[in-house]
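# Topology and contacts: notes
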Amino acid sequence: MTMADDPTTEGSGGGAFAASGSPGAPGGGPATAGTRSEALGRELRKEDEDRVLGGVCAGLARYTQVDPVVWRTAFVLTAFASGTGLLLYIAAWMLMRGPEGGPATFEQMLNRSFPSRAVPKLLAVGLAVATAFSVVGGLGWSTLVLAIPLVLGLLTARNRGVDLRAAFAELRQDLRSKEPPPAAPVPGPTPTYYNPAQPWASAPQGPVDLAVVAERSAHADGADGVQEDDEPDDGADGWRGGGRDLGSDGTCRTGAPLASFALWTVVTAAVLVPVTVFGWSPSLWSAQSATLLFGPETGVFFLSGVLAVVGLYALVGTWAGDPRGLMSMGLVAALALALASVTDLTRVRVGGETWRPATVAEAESGDHRLTVGSGTLDLSGLGDLEPGETADVSVSMGAGHLEVVLPDDARVALTTDVGFGVVDLGGTEDGGELVGRSLVHEEVYEPAGDSGGGAGEASAEDGAADPPLINVRTDSLVGVVEVRHGEA
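Parameters and conventions
- Residues numbered from 1 in each chain as written.
- Predicted model: local features only at pLDDT ≥ 70, side-chain atom pairs only at ≥ 80, totals over all residues.
- Heavy atoms only, no water.
- 1 Å grid on protein atoms, 1.4 Å probe; cavity = no way out; pocket = protein on both sides within 12 Å on 5 of 7 lines; lining within 4 Å.
- Points joined across faces, edges and corners; volume = space filled by probe spheres on them.
- Nonpolar A, V, L, I, M, F, W, Y, C, P; charged D, E, K, R; others polar.
- Helix = DSSP H or I, 4+ residues; strand = E, 2+ residues; numbered from the N terminus.
- Expected span 1.5 Å × (residues − 1).
- Buried < 20%, exposed > 50% of the residue type's maximum accessible area, 1.4 Å probe, protein only.
- Polar contact = N/O pair within 3.5 Å; in protein donor to acceptor, adjacent residues only side chain to side chain.
- Salt bridge = Lys/Arg side-chain N within 4 Å of Asp/Glu carboxyl O.
- pLDDT = per-residue confidence, 0-100.
- Contact = heavy atoms within 4.5 Å.
- Phe/Tyr/Trp six-rings, centres within 6.5 Å; stacked < 30°, edge-to-face > 60°.
- Axes fitted to C-alpha atoms, helices over the stretch in contact; angles between N-to-C directions.
- Parallel < 35°, antiparallel > 145°, perpendicular 65-115°, else oblique.
- Left-handed = near helix turned anticlockwise from the far one by under 90°.
- Arc of directions from axis to C-beta.
- Pairing = 2+ DSSP bridges.

For the rest of this paragraph, the subject is empty space enclosed by the protein. On inspection of all chains with the given rule, the structure shows two cavities of 30 Å³ or more. Quantified by volume, the second largest cavity comes out at close to 40 Å³. Taken together, Leu44, Leu95, Met96, Arg97, Phe114, Pro115, Ser116 and Val119 make up the full set of residues lining the second largest cavity. In terms of residue class, the lining of the second largest cavity is made up of six nonpolar, one polar and one charged.

The next point concerns helix α3 (residues 68–79). In an α-helix, one turn spans 3.6 residues; hence positions three or four apart end up facing the same way. For α3, built from 12 residues, the straight-helix expectation of 16 Å at 1.5 Å per residue is met to within 8% by its first-to-last C-alpha distance of 17 Å. Counted residue by residue, α3 has 10 buried out of 12 residues, so it is predominantly covered. Burial in α3 covers these residues: Pro68, Val69, Val70, Trp71, Arg72, Thr73, Ala74, Phe75, Leu77 and Thr78. Here α3 starts with a cap whose side-chain oxygen sits 2.8 Å from the backbone nitrogen of valine 69, and that cap is aspartate 67.

Under the counting rule described, the total for this entry stands at 11 salt bridges. Here aspartate 378 and arginine 356 are joined by a salt bridge, their closest N and O atoms 3.6 Å apart. In this pair, aspartate 378 sits in strand β4 (residues 369–378) while arginine 356 sits in the loop between β3 (350–355) and α14 (360–365), placing the two residues 22 residues apart along the sequence.

Okay, the confidence of the model for the chain next. On average, the chain scores 74 in pLDDT, and the residues at 70 or more come to 71%. Of the regions scoring below 50 in pLDDT, residues 223–252 engages in 41 contacts with residues more than four places distant in sequence or in other chains. Every residue in residues 451–463 scores below 50 in pLDDT, and together they form four contacts with partners more than four places removed in sequence or on other chains.

What follows concerns the packing of aromatic side chains. Tallied over the entire structure, the rule returns three aromatic pairs. Consider the rings of phenylalanine 75 and tyrosine 89, whose centres lie 5.3 Å apart with planes at 85°: the pair is edge-to-face. Here phenylalanine 75 is found in helix α3, whereas its partner tyrosine 89 is found in helix α4 (residues 84–95), with 14 residues between them in sequence. Among the residues examined, tyrosine 89 registers a relative accessible area of 15% and is labelled buried. Every member of this aromatic cluster is reached through a ring pair, and the members are Trp71, Phe75 and Tyr89.

Now for the environment of aspartate 50. One can find aspartate 50 in the loop between α1 (33–40) and α2 (56–64). For aspartate 50, a relative accessible area of 38% puts it in the partly exposed group. Linking aspartate 50 and proline 68, residues 18 residues apart in sequence, is a C-alpha distance of 8.9 Å.

One can describe the packing of helix α10 (residues 258–278) onto helix α11 (residues 287–294) by two numbers: an axis separation of 10 Å at closest approach and a directional angle of 115°. Relative to α11, the element α10 is oriented roughly perpendicular. The interaxial crossing formed by α10 with α11 has right-handed handedness. In this structure, α10 contributes Ala270, Val273, Pro274, Val277 and Phe278 to the contact, and α11 contributes Gln288, Ser289, Leu292 and Leu293.

The N-to-C vectors of α10 and helix α12 (residues 299–316) enclose an angle of 155°; their axes lie 10 Å apart at closest approach. Considering their axes alone, α10 and α12 lie roughly antiparallel with respect to each other. Remark: the crossing between α10 and α12 carries right-handed chirality. The residues of α12 that touch α10, namely those facing Leu258, Phe261, Ala262, Thr265, Val266, Ala269 and Ala270, are Phe302, Val306, Val309, Tyr313 and Val316. Residues belonging to the contact of α10 with α12 are distributed by class as follows: 11 nonpolar, one polar and no charged.

If you check helix α13 (residues 326–342), its first and last C-alpha atoms are 25 Å apart, about what 17 residues at 1.5 Å a residue would give, namely 24 Å. Those residues of α13 lying buried are Leu326, Gly330, Ala333, Ala334, Leu337 and Ala340. End-on view of α13: buried residues confined to an arc of 125°, all on one side of the axis. Residues of α13 that are exposed and point more than 90 degrees away from the buried face comprise Leu331, Val332, Leu335 and Val342. Structurally, α13 contributes buried residues whose contacts are with α3, α10 and α12.

Time to look at the side chain of serine 116. Relative to the helices and strands, serine 116 resides in the loop between α5 (105–110) and α6 (118–135). The exposure class of serine 116 is buried, given its relative accessible area of 3%. There is a polar contact of 3.2 Å between the side chain of serine 116 and the backbone nitrogen of leucine 44.

This brings us to the pairing of strand β5 (residues 390–406). Sheet topology places β4 next to β5; nine bridges connect them, and they run parallel. Of the residues in β5, the one forming a bridge with serine 374 is histidine 401. Pairing geometry for β5 and strand β8 (residues 469–485), over 16 bridges, is parallel. What sits directly across from threonine 390, in β8, is leucine 469.

Structure (structure tokens):
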């Protein structure tokens with residue numbers, strides 16, 4: 001959460017942020033971000049344009065002259081620390097006034113006014129309190145993801161000339177204010193416009209806006225072949241327009257591609273971190289490096305650093321360089337961080353896989369697992385099964401198609417569990433198909449030529465050994481499980 005550029009528009013004389021003055025202001029000091037914003041007369045409001053959810057980040061971006069991607073990245077990043085970002089977003093939404101200047105939710109509830117300059121400060125205080133609580137019990141990854149935006153925001157505000165000590169001292173005065181909230185805007189009358197193509201006899205009652213008539217006539221002339229130059233709309237704050245990234249002066253943003261720099265920074269870190277931990281040992285070229293970067297224990301720290309790098313480059317993009325592409329990188333990093341916090345990314349497998357174990361040990365110890373794709377488990381090649389021996393085999397599928405080929409010279413006890421999908425038994429003697437959700441199918445397949453229980457009893461009476469037994473369990477979240485028996 002950045003407090004950078006905290007303008008004042010409530011007519012209080014500028015307060016702490018205007019204390020430094022400007023060349024033409026009393027005090028004669030250097031112009032600060034606060035005085036410049038004060039001159040623009042901006043007020044912190046939710047934004048209907050460029051909003052994603054409630055218009056909070058777009059409003060904060062316009063008020064602070066910081067790209068909305070930076071605000072969105074900060075809220076998403078801190079949301080992974082016990083939902084802190086979500087709580088701060090809700091608080092900001094309740095503290096910010098509507099797009100038309102109507103009173104904020106808190107102002108209506110408390111029947112008092114909250115100056116716009118107090119909102120970024122309250123967000124910073126809330127983030128600082130959450131960071132302090134995260135330290136209780138020891139430092140963890142939540143402390144990291146909370147401290148990064150807090151420190152970057154304070155440093156940015158300091159770099160823009162904000163006196164942090166005076167600003168937070170002024171916050172107490174803002175909270176003690178008893179001024180009433182602003183009145184809700186009253187919608188004006190909606191005029192009835194004259195359509196030139198509509199006969200006067202059927203024209204509706206109301207005033208005729210000649211400017212609209214002239215505008216429509218100009219558009220009609222342009223449609224006949226007169227093509228006019230469209231100037232980019234740089235908006236009220238000058239950082240967006242015409243689908244292009246614009247600078248604060250409204251010119252098209254050019255410069256170094258910051259997304260490429262961020263990508264190479266992440267790649268360099270992904271190489272240096274394993275080298276620092278493992279050195280040039282064989283572990284560096286093994287799966288341990290992937291576990292270090294994306295595993296359940298240390299992956300959240302690395303991915304949090306990746307998100308912080310993207311946020312830092314986005315912050316730099318508010319002054320220099322071309323920030324295009326950073327938003328997409330930030331969303332990908334945030335998604336990866338969310339997945340790493342709930343699952344082991346190193347165990348994710350996508351594509352096609354075929355398992356053909358040749359021995360019992362290979363069948364029992366094999367990692368028969370696929371996240372998304374198509375897999376085949378072929379047990380017909382097991383060659384060291386002895387009479388009376390038992391083997392346990394399991395296979396797991398997240399989403400996709402799973403085919404299980406059972407041997408014909410062993411008794412197989414099959415248990416199939418499908419969350420939602422199909423169990424296809426077309427390759428067995430019984431055949432059939434089960435469709436639905438929470439499907440659990442259990443069946444025992446006898447060796448070829450064995451008719452079932454009677455044959456088993458006869459073999460026992462003759463003193464013959466029981467056939468080998470294979471216990472097979474398949475788990476599928478979504479998809480199709482196809483069973484074939486007695487085919488190689």
